[in-house]
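Residue-level structure breakdown
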Amino acid sequence: MMELNMFIDGEWITSTSGEKREVINPANGELIAVAAEGAAEDAKYAISVARKTFDSGIWSTLPFKTRAKYLHNIANLLEENAEEIAMLETLNNGKMLLAAKTDVQNAIECFRYYASLITQPEGEIFNVGDSVQTIVIREPIGVCSLIVPWNFPLLMASWQIAPALVAGNTFILKPSEITPVTAVKLFEIFEKAGVPTGVANLVMGPGSTVGSEMVDSNLVDKVAFIGGTETGQNIMRVAAENTKKISLELGGKSPTIVFADNDLEIAVDNALFNIFLNSGQVCTAASRLLIEDSIHDQFVERLVERAKKIVIGHGNKATSEMGPLVSEAHMQKVLRYIEIGKQEGAILACGGNRIIDNGFENGFFVEPTIFTNTRPDMRIVQEEIFGPVLVIQKFKDEEEAITLANDTVFGLGGAVFCKDLEKAMRVVKKIKAGITWVNCYHVATIQAPWGGYKQSGIGRGLGIFGLDEFSEIKQINVSYKAHPVGWFSN
Ligand SMILES: NC(=O)c1ccc[n+]([C@@H]2O[C@H](COP(=O)([O-])OP(=O)(O)OC[C@H]3O[C@@H](n4cnc5c(N)ncnc54)[C@H](O)[C@@H]3O)[C@@H](O)[C@H]2O)c1
Ligand SMILES: C[N+](C)(C)CC=O
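Here goes a summary of the coordinates provided. (Residues numbered from 1 in each chain as written. Chains lettered and ligands numbered in written order. Predicted model: local features only at pLDDT ≥ 70, side-chain atom pairs only at ≥ 80, totals over all residues. Heavy atoms only, no water.)

Topic: the site of ligand 1
Of all residues adjacent to ligand 1, which total 28 residues, the nearest are K174, E177, T231, L250 and E384. Here G227 contributes a backbone N or O atom positioned 3.4 Å from an oxygen atom of ligand 1. At a separation of 2.9 Å, an oxygen atom of ligand 1 approaches a polar backbone atom of G228. Expressed as a share of its isolated accessible area of 850 Å², the protein-covered part of ligand 1 is 86%. Taking a 2 Å distance to the grid points as the criterion, the majority of the atoms of ligand 1 fall inside the largest pocket. By residue number, the principal contributor to the shell around ligand 1 is helix α7 (residues 207–216), which donates 4 residues. Within the shell around ligand 1, the residues separate by chemical class into 15 nonpolar, 9 polar and 4 charged. (Near = heavy atom within 4 Å. Polar contact = N/O pair within 3.5 Å; in protein donor to acceptor, adjacent residues only side chain to side chain. Areas by Shrake-Rupley, 256 points an atom, 1.4 Å probe, with all protein chains shown as cover. 1 Å grid on protein atoms, 1.4 Å probe; cavity = no way out; pocket = protein on both sides within 12 Å on 5 of 7 lines; lining within 4 Å. Sits in = over half its atoms within 2 Å of the grid points. Helix = DSSP H or I, 4+ residues; strand = E, 2+ residues; numbered from the N terminus. Nonpolar A, V, L, I, M, F, W, Y, C, P; charged D, E, K, R; others polar.)

Considerations on helix α8 (residues 229–240)
Here α8 spans 16 Å end to end across 12 residues, near enough to the 16 Å set by a 1.5 Å rise per residue. Considered for burial, the residues of α8 that qualify are T229, G232, I235 and A239. One side of α8 carries all its buried residues, which in axial view fall inside an arc of 115°. Of the residues in α8, the exposed ones pointing more than 90 degrees away from the buried face are E230 and R237. (Expected span 1.5 Å × (residues − 1). Buried < 20%, exposed > 50% of the residue type's maximum accessible area, 1.4 Å probe, protein only. Arc of directions from axis to C-beta.)

Here it is in structure tokens:
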């Protein structure tokens, strides 16, 4: 069994209180690790170290290209350890091993991408007059609190750490208390890569104590948060106290719109992937399926037939297609939503149950679940369930499809499936969401901005946008020579 400790000021340490938390494999309920359970005191210590290190300038004043070298080292070490890290991610999160391997590759790509920005122009210059210029530069913000969720533990941490580091900040990472395993591996890699002491700090423990301190502390300059909308709203309130910079990547209730001109088999296949990948535990999971009424019945029939055939299993088994939910508590939340859907009068077309037979009894597995006959005001249509639960809505024309798609407080993702590309583009542009797709889904490009409209977040990760989120942007106005201004005559 693994012992997981925190990494602060270049040392692996337990929590001040000595408390521990059990880390569970969600596929079978077995104990896989015991993690140091930090508290506010531990977060305070990590923050003070990150502050002192930032203020010392040992990282922030390095040339960009030197910091980039560390990121390359990190990427190389991740690559060397990719198999082991993917297996650990599957063990802790329950996701399919293939998905975990993809996450590790995407994390490697993320470190390499931010390292490669050294080849891009670093700022801008505007010529104001013959001898006056405005120079725009990026500077590090300072101490960053990075708080991430459990659904893509390694990848979400990497999406925050790579731009934060290359921009010259020091940071404290808090993984979800449910999935700390690969964060520890990542910090072992930072140590091997020679990241200077105090630059990268890892704390573990509950959001309500450790996370709160990371948001509240006056020694922190920026909070980058990925997680649920409600938590994000709390963070925003607390951060407002000292106008701390924040970026929030939050939840969603993303729609897939399917028009009647589609090849039915292809569209059904995509609709399954859009929601059931990672057991629906993807921020952009397309948890609402909007189908044009002329194909609705035929589409649903085929979709249900296919959903019932999804092979549920442990992530490390080659034949498995969909794994467990991440924890017992999360599974109970999803099951409660299924009950709510039934009580609201939606029709359960398939699924709806926990799977407890044939070796699944100790895991947190829920069947792929589809609700039809829904109304827009139902809670299962409006609220993020974050599990393998799809709600189907019917529309008669383009206008109604757009109205239904946008009838949500969220605005993270959305897709249009339509052979008529002119129509597809017209509709996708009207979806109020930050990440949209036409005739595909779940494509995430490292160079392209990632973030949500409305209650799905504030700011944009990835690409140059992600670097800007971890930079102060400064203008320097330079006159080559000082002249009298002549505004005041005496
Ligand atoms: N938009 C995106 O890119 C994106 C990506 C992944 C996940 N998500 C969202 O994440 C959610 C699922 O993850 P989750 O259940 O771990 O989310 P969560 O909000 O419960 O927790 C996320 C992190 O915040 C911490 N936290 C909790 N309360 C806190 C507080 N008061 N102060 C500071 N930190 C606190 C948690 O310990 C955890 O580390 C879903 O809503 C999903 O849509 C969004
Ligand atoms: C950003 N992504 C899709 C990798 C994970 C969201 O939950």
